[in-house]
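Observations on the three-dimensional arrangement
The primary structure of each chain is shown beneath.
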Amino acid sequence: MAAAPAGEGAAVWRLDDLPPRQIVAELDKYVVGQRAAKRAVAIALRNRWRRQQLPPPVAEDIVPKNILMIGPTGVGKTEIARRLAKLAHAPFIKVEASKFTEVGYVGRDVESIVRDLVEIAVGMVREEKRAAVREAAAARAEERLLQLLVPPSTSPGFAASGAAAGATGGNEGDELQGTREKFRERLRSGALDSRMVEVEVDESSFPSFEMFTPQGIEEVGINLKDMVPGLFARRRRQQMTVAEARELLQQQEAEKLIDRQQVASEARGRVEQGGIVFLDEIDKVAGRERGQGPDVSREGVQRDLLPVVEGTTVSTRYGAVRTDHILFVAAGAFHVSKPSDLIPELQGRFPIRVELEALSETDFVRILTEPETALTKQYTALLGTEGVTLRFAPEAVAELARLAVEVNSRTENIGARRLATLMERLLEEVSFQAPDMAGVELAIDVAYVRAALADLVKNEDLSRYVL
């Protein structure tokens, strides 16, 4: 299974090129610290490649070792799982376990997790197929555009007969082809982009239904166009520019070249063999039945999650999907509850447990400067679009880290997310005035940080509501 580029200039990885050490190194680019968690997910990903090398009878019995991450909020649990999925180019979904605890919806259709994961996989495969047929779709779209710009001659007159008719038709065909070739050159050069043409477009609005299930009400989207061809196949003509028509026609032609059954089959295979589900806030459903109160609901959610995690078959609009080899990564702070409060059957399905460490002041400094997506780099790039140049002094970054630790200790500890709050307050005035500051170079030093944030941090009441 190949890892396709996440964006322009991204590296292309294959799982056989990614030993655990390299996976950890890639995760280090985005997440600071948490080496134990990185090693655990790296081994889990590598084990997938190892399983793919085995004979099918042996591989069938090797199930992924699901991971339980334990640690406070804002230390990188979600980011590790998300970056791992991007690295492996695997279908990935993040769900809140607590969403299934709403009153009256005990165990609210946890199988929707798998259905949503399949939808994500279908989108991934369809996008790859579109990229594969892009050139062919562009050529077919160009021909359709030329037919709109230079339609066949329909001038009235008496039809010629015999050889004369054949000669006349041949001349007209050659003349039409010559005209279209001239228009082709102008079309490719962009000279016709602003010309208006009339294009047939499909009506894309099809109904969805709400289905009553034992777990509650679930919205089920049904493509009636596929079920009853012709019943909803309405088309309308729409005026648009050649540039807009080219994009629309390329999409239409790409869809014609893509085999939907093949897309569905590949998507199901990716989910079954490479899907990753991140179950966040698992600690919120930890609890044993005590006969009354919310604990009954929590245990009900755990029991509904159990078959999905241990392996079952889920019906989706693209076919049945087995969950035996999907990797589940659960995470929770476990401030009030503890992992042993989960029902024993569910505990056994998460054999690998890693504890993530709380972030220190040194970690905050690294988070602000080292990752490729560091906040200082993000704000520098954002304000750079307005012509404003930001320079963060090392001392200013250290002061920001110190203030983040101080606010976290006085109020609720939200980890690295506190840095985003402080940075927004720090640069609020600059962000507001940036359109009028083109060409300005602004140095962010310790004095600037203290002037913007020190009083706010010292006032505990303000910190609770503002920071």
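Structure: see above.
The rules behind each value
- Counting restarts for each chain: residues are numbered from 1 in the order of the written sequence.
- The model is predicted, so local features are restricted to residues of pLDDT at least 70 and side-chain atom pairs to those at 80 or more, both for listing and for counting; the totals for chains, interfaces and linings are taken over all residues.
- Note that the side-chain values use all heavy atoms of the structure and ignore hydrogens as well as water.
- Take the buried residues of types Ala, Val, Leu, Ile, Met, Phe, Trp, Tyr and Cys, join any two whose side-chain atoms come within 4.5 Å, and each joined set is a nonpolar core.
- Note on classification: 1.4 Å probe, protein chains only; a residue is buried when its accessible area is under 20% of the maximum for its type, exposed when over 50%, partly exposed between these limits.
- Should any heavy atoms of two residues lie within 4.5 Å, those residues are considered in contact.
- Any residue with an atom within 4 Å of a point lines the site, the site being either a cavity, points on a 1 Å grid over the protein atoms alone where a 1.4 Å probe fits but cannot get out, or a pocket, an open set with protein on both sides within 12 Å along at least 5 of 7 lines.
- Grid points are joined across faces, edges and corners, and a volume is the space filled by probe spheres set on the points.
- Helical segments are the DSSP runs of H or I of at least four residues, strand segments are the runs of E of at least two, and each set is numbered from the N terminus.
- By the convention adopted, Pro, Cys, Tyr, Trp, Phe, Met, Ile, Leu, Val and Ala count as nonpolar, Lys, Arg, Asp and Glu as charged, and the other residues, Gly among them, as polar.
- Candidates for patches are residues over 30% relative accessible area with no salt bridge; among them, like charges are joined within 9 Å and nonpolar side chains (Val, Leu, Ile, Met, Phe, Trp, Tyr) within 5 Å.
- For the accessible areas, the method is Shrake-Rupley and the probe is 1.4 Å, while residue cover comes only from the protein chains on display.
- A pair is scored as a salt bridge if a Lys or Arg side-chain nitrogen falls within 4 Å of a carboxyl oxygen belonging to Asp or Glu.
- Between the N-to-C directions of two axes lies an angle of 0 to 180 degrees, each axis being a line fitted to C-alpha atoms and, for a helix, fitted only over the stretch in contact.
- Orientation labels follow simple angle bins: below 35 degrees gives roughly parallel, above 145 gives roughly antiparallel, 65 to 115 gives roughly perpendicular, and whatever is left gives oblique.
- Handedness of each helix crossing follows the sense of rotation of the near helix against the far helix: counterclockwise by less than a right angle gives left-handed, clockwise gives right-handed.
- A pair of strands is considered paired only if DSSP assigns at least 2 bridges between the two.

Right, let's talk about the nonpolar core for a bit. Of all hydrophobic cores here, the largest spans 58 residues; its most connected members are Met69, Met423 and Ile444. Setting aside residues up to four positions removed in sequence, isoleucine 444 forms contacts with Leu390, Arg391, Phe392, Ala393, Ala396, Leu426, Leu427 and Val449. Formed by 43 residues, the second largest nonpolar core is a distinct cluster that contains Leu68, Leu117, Ile326 and Leu346.

Here the focus is the layout of surface pockets. In this structure, the second largest pocket spans a volume of roughly 1,000 Å³. Lining the second largest pocket are 41 residues, with Thr73, Gly74, Val75, Gly76 and Arg417 positioned closest to its centre. Put simply, the parts of the chain that give the lining of the second largest pocket at least two residues each are helix H4 (77–88), helix H11 (294–310), helix H14 (375–384) and helix H16 (417–426). Of the residues that constitute the lining of the second largest pocket, the class distribution is 16 nonpolar, 12 polar and 13 charged.

This part covers a nonpolar patch on the surface. Together, Leu54, Val58 and Ile62 line one region of the surface with nonpolar side chains, adding up to about 210 Å² of accessible area. Mapped onto the fold, valine 58 is located in helix H3 (residues 56–60). On the basis of relative accessibility, which here comes to 42%, the residue valine 58 falls in the partly exposed class.

Okay, the packing of helix H13 (residues 361–369) against helix H15 (residues 394–410) next. Contact pair H13 / H15: the axes reach a minimum separation of 8 Å and the direction vectors enclose 130°. The pairing of H13 with H15 is recorded here as oblique in orientation. Seen from above, H13 lies across H15 with right-handed handedness. Here Glu361, Phe364, Val365, Leu368 and Thr369 of H13 come into contact with H15, specifically with Val397, Ala398, Leu400, Ala401, Arg402, Ala404, Val405 and Asn408. Class assignment of the residues belonging to the contact of H13 with H15 gives a composition of 9 nonpolar, 2 polar and 2 charged.

What follows concerns the pairing of strand S5 (residues 196–202). The two faces of S5 differ: Val197, Val199 and Val201 on one face are buried, but Met196, Glu198, Glu200 and Asp202 on the other face are not. Examined bridge by bridge, S5 and strand S8 (residues 235–241) share 7 bridges and lie antiparallel to one another. Within S8, the residue paired with aspartate 202 across the bridge is arginine 235.

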